[in-house]
Amino acid sequence: MEDLKMIYLSNILIVIFIFLMQPLLADYSDQRGMTNLLGNETWLRCADEMSSKNSNVYELSYVRSGTMPKSPFAGEYKPKFLPSYGLPGSKQFYTMDVLNKDVNPSNQGTQIDALGHFGYIDEPWDGEGEFNPNGAKFFGNLTLQDVKPTPNSPLLKLGIETVPPIITTAILLDVRKHALNGIAMEAGEYVTVEHLKYALSKTSIADRGILPGDIVLINTGWSDHYQDPDEKKLYYSMRPGISYNSAKFLASKKVVGVGLDTCCVDSAGDPNSDKVFEESKQNPEGIGAPAHHYFLTQVGIHTLENFRLKELVKDNVELSCAIILPLLIKGSSGSPIRPIAIGKPVR
């Protein structure tokens, strides 16, 4: 009975703490998608996992380093570690480090994309001359003038500072284990709706299902290729991803975010192979990254990238409390994050 009282009290304290934080946060509800579902109900679900005696804390982020696998679109990431600085007249000194010029640290390593990270235009760009985004649309039918009125403008709306602290339950769907008999997915392969439903059916939370406000984490096995130092340069050059119909299926469940053990939620085939997977026929014409497009511009679901799921998978943590805190970087299209999951193994 005393244990039950302590669990109940801890749950109440967690909710009170989060509730008291809310007046400190700006109201960006008109620029949010599914994160508007976060609140007392998702926090209480989360508190149940946090207060379990058998729960552990799991790191979902990779260590950020100059030798980690890096995005070819976000500049070279080269931390420079400076000499120690002495303070005249003092016994103290301090240490510092800096990043190199023209790097985008928000889109390197474990990260979350802001809804303003992707937009779209009416017709495919032919790649000739300077790109002209006039007439572009973003999430919520916002225009280029609303979001990024000049080429060098920060995101005036839909930037990462509009994303609230994400504290909610996360479901692990181990597609590799349950749907593919332990075989890692290939480059260019798609996680299908059938994969997701089957993986969920094999868990102890099948009856619970995916609830509004959940995060869904998908293990494909592609993280087998993650290495630091990144000598093979394979991890970012190709990968599996989720199908367009899977993106629509997850959106129908009103999830807040979707993360895979890959660099990106979208599939990219081996450039040296002619193999084409059937699910590619689902992709809308002229849309090269359909999952990003649907999640970020159509339904307001955040894409979670470079998630380290091996420990969750090893311990079979099917349900956990995920805590994801994007940095308040005004006008940025993303943020580096150090997400954690708190949950209990299922034996």
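Residues numbered from 1 in each chain as written. Predicted model: local features only at pLDDT ≥ 70, side-chain atom pairs only at ≥ 80, totals over all residues. Heavy atoms only, no water.

**Structural notes on the pattern of salt bridges**
Close approach of charged atoms allows side chains with opposite charge to pair.
Turning to step 1, where the next piece is worked out: Per the counting criterion, the structure on display carries 12 salt bridges.
Turning to step 2, where the next piece is worked out: Where Lys70 meets Glu76, a salt bridge forms, and the shortest distance between an N and an O atom there is 3.5 Å.
Turning to step 3, where the next piece is worked out: Among the residues examined, Glu76 registers a relative accessible area of 40% and is labelled partly exposed.
Turning to step 4, where the next piece is worked out: Counted as one network, the salt bridges with shared partners bring together Glu41, Arg45, Arg208 and Asp214. (Salt bridge = Lys/Arg side-chain N within 4 Å of Asp/Glu carboxyl O. Buried < 20%, exposed > 50% of the residue type's maximum accessible area, 1.4 Å probe, protein only.)

**So, the packing of helix 6 (residues 244-252) against helix 7 (residues 290-299)**
Turning to step 1, where the next piece is worked out: In the contact formed by helix 6 and helix 7, the axes pass within 8 Å of each other and the chain directions differ by 30°. Put simply, helix 6 runs roughly parallel to helix 7. Where helix 6 crosses over helix 7, the two elements pack in a sense that is right-handed. In this structure, helix 6 contributes Tyr244, Ala247, Lys248, Leu250 and Ala251 to the contact, and helix 7 contributes Pro290, Tyr294, Phe295 and Val299.
Turning to step 2, where the next piece is worked out: When its residues are assigned to classes, the contact of helix 6 with helix 7 shows eight nonpolar, no polar and one charged. (Axes fitted to C-alpha atoms, helices over the stretch in contact; angles between N-to-C directions. Helix = DSSP H or I, 4+ residues; strand = E, 2+ residues; numbered from the N terminus. Parallel < 35°, antiparallel > 145°, perpendicular 65-115°, else oblique. Left-handed = near helix turned anticlockwise from the far one by under 90°. Contact = heavy atoms within 4.5 Å. Nonpolar A, V, L, I, M, F, W, Y, C, P; charged D, E, K, R; others polar.)

**Concerning helix 6**
Turning to step 1, where the next piece is worked out: Buried within helix 6 are the following residues: Tyr244, Ser246, Ala247, Phe249, Leu250 and Ala251.
Turning to step 2, where the next piece is worked out: Looking at the buried side of helix 6, the elements it contacts are strand 8 (190-191), helix 5 (193-201), strand 9 (215-219), strand 10 (241-242), strand 11 (257-260) and helix 7.

**Examining the nonpolar core**
Turning to step 1, where the next piece is worked out: Judged by nonpolar contacts, the single largest core of 53 residues is most densely connected at Leu217, Ile218, Ile242, Leu250, Phe295 and Leu312.
Turning to step 2, where the next piece is worked out: For this core, the elements supplying multiple residues, two or more each, are strand 7 (166-174), helix 5, strand 9, helix 6, strand 11, helix 7 and strand 13 (319-324).
Turning to step 3, where the next piece is worked out: Residues in contact with Ile218, not counting those within four places in the same chain, are Leu173, Val175, Val191, Leu196, Ile242, Leu250, Val258, Gly259, Leu260, Asp261 and Leu309.
Turning to step 4, where the next piece is worked out: Ranked by size, the runner-up nonpolar core spans 12 residues in total, among them Tyr77, Trp222, Tyr226 and Tyr236. (Core = buried A, V, L, I, M, F, W, Y, C linked by side-chain atoms within 4.5 Å.)

**A word on the environment of Leu250**
Turning to step 1, where the next piece is worked out: You can see Leu250 is positioned in helix 6.
Turning to step 2, where the next piece is worked out: Leu250 sits in the buried class, given a relative accessible area of 0%.
Turning to step 3, where the next piece is worked out: Remark: the alpha-carbon pair of Leu250 and Tyr28, spanning 222 residues in sequence, is separated by 23 Å.
Turning to step 4, where the next piece is worked out: If near-sequence neighbours (up to four positions away) are discounted, Leu250 is found in contact with Leu196, Ile210, Val216, Ile218, Ile242, Val255, Val258 and Phe295.

Nothing here speaks to function; it is geometry throughout.
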